[in-house]
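Chain by chain, the residues run as shown.
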Amino acid sequence: MTLPANAQELGGRLPSEQERAAANQLRKIIAAQSKANATLRVVNDGQPPAEIVLTPGLSGLLMDVLRHIGKGDAVTLVPVTQLLTTQQAADILNVSRPYLISRLDRGDIPYSLTGRHRRIQADHLFDYKRARDKARSEALDRLGELDGELL
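All values derive from a computational prediction rather than experimental measurement.

About the thresholds
- Residues numbered from 1 in each chain as written.
- Predicted model: local features only at pLDDT ≥ 70, side-chain atom pairs only at ≥ 80, totals over all residues.
- Heavy atoms only, no water.
- Axes fitted to C-alpha atoms, helices over the stretch in contact; angles between N-to-C directions.
- Helix = DSSP H or I, 4+ residues; strand = E, 2+ residues; numbered from the N terminus.
- Parallel < 35°, antiparallel > 145°, perpendicular 65-115°, else oblique.
- Left-handed = near helix turned anticlockwise from the far one by under 90°.
- Contact = heavy atoms within 4.5 Å.
- Phe/Tyr/Trp six-rings, centres within 6.5 Å; stacked < 30°, edge-to-face > 60°.
- Lys NZ or Arg CZ within 6 Å of the ring centre and 35° of its normal.
- Core = buried A, V, L, I, M, F, W, Y, C linked by side-chain atoms within 4.5 Å.
- Buried < 20%, exposed > 50% of the residue type's maximum accessible area, 1.4 Å probe, protein only.
- Salt bridge = Lys/Arg side-chain N within 4 Å of Asp/Glu carboxyl O.

What follows covers the packing of helix H2 (residues 17-32) against helix H3 (residues 56-71). Running from amino to carboxyl end, H2 crosses H3 at an angle of 150°, the nearest separation of the two axes being 8 Å. Judged by the angle between their axes, H2 and H3 are roughly antiparallel. Between H2 and H3 lies a crossing of left-handed hand. Side by side, H2 and H3 meet where Glu-19, Arg-20, Ala-23, Asn-24, Leu-26, Arg-27, Ile-30 and Ala-31 of the first sit next to Ser-59, Leu-62, Met-63, Leu-66, Arg-67, Ile-69, Gly-70 and Lys-71 of the second.

Now the structure itself:
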């Protein structure tokens with residue numbers, strides 16, 4: 001996946017132990033204040049402190065990112081308006097590129113053409129992924145019920 005230069009530092013590698021510890025510490029601080037709009041004060045040597053209001057939505061997003069970094073996962077953010085290549089989309093869905101192409105051909109996922117290449121808008125891919133995951137979960141629930149009837 002093509003990443004902006006500023007995202008390359010953490011997105012292209014696993015976080016260090018020091019980064020993991022800092023992420024876990026920051027996540028705990030934000031979690032303690034996440035119920036309402038919390039003000040985060042950032043102190044930088046030689047400059048006046050900056051205050052940032054963290055809304056519950058922003059706090060939740062930051063905690064999710066920090067949770068992954070704290071576990072040692074590399075993190076890459078994908079804006080919902082980003083156009084993805086078929087390989088990038090297949091990687092996000094954890095499927096083969098030919099399988100993804102078959103879903104595009106069936107009309108399961110909307111796409112646009114850039115020249116002769118297909119591009120998938122990230123929010124359309126995430127909508128498909130949510131629907132797919134929901135259908136899988138419902139199928140597993142039905143299998144569990146059927147299994148229970150056999151006992």
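Per the stated rule, a full pass over the model turns up zero aromatic pairs. Over the face of the ring belonging to Tyr-111 we find Arg-118, whose NZ or CZ atom lies 5.4 Å from the ring centre.

Before going further, it helps to examine the nonpolar core. Judged by nonpolar contacts, Leu-84, Ala-89, Ala-90, Leu-93, Leu-100, Ile-101, Leu-104, Ile-109, Ile-120, Ala-122, Leu-125 and Tyr-128 together constitute the single largest core of 12 residues. Elements represented by at least two residues in this core include exactly helix H4 (86-93), helix H5 (97-106) and helix H6 (122-150). Those residues in contact with Ile-109, other than ones at most four positions away along the chain, are Leu-93, Leu-100, Arg-103, Leu-104, Ile-120, His-124, Leu-125 and Tyr-128. If you look at the next biggest cluster of nonpolar residues, it comprises seven residues, including Ile-30, Met-63, Leu-66 and Ile-69.

Scanning the entire structure with this criterion turns up 10 salt bridges. Note that Glu-17 is salt-bridged to Arg-20, the shortest N-O span being 3.1 Å. Taken together, the residues Glu-17 and Arg-20, both in helix H2 and three residues apart, mark about one turn of the helix. The salt bridge partner of Arg-106 is Asp-108, with a shortest N-O separation of 3.4 Å.

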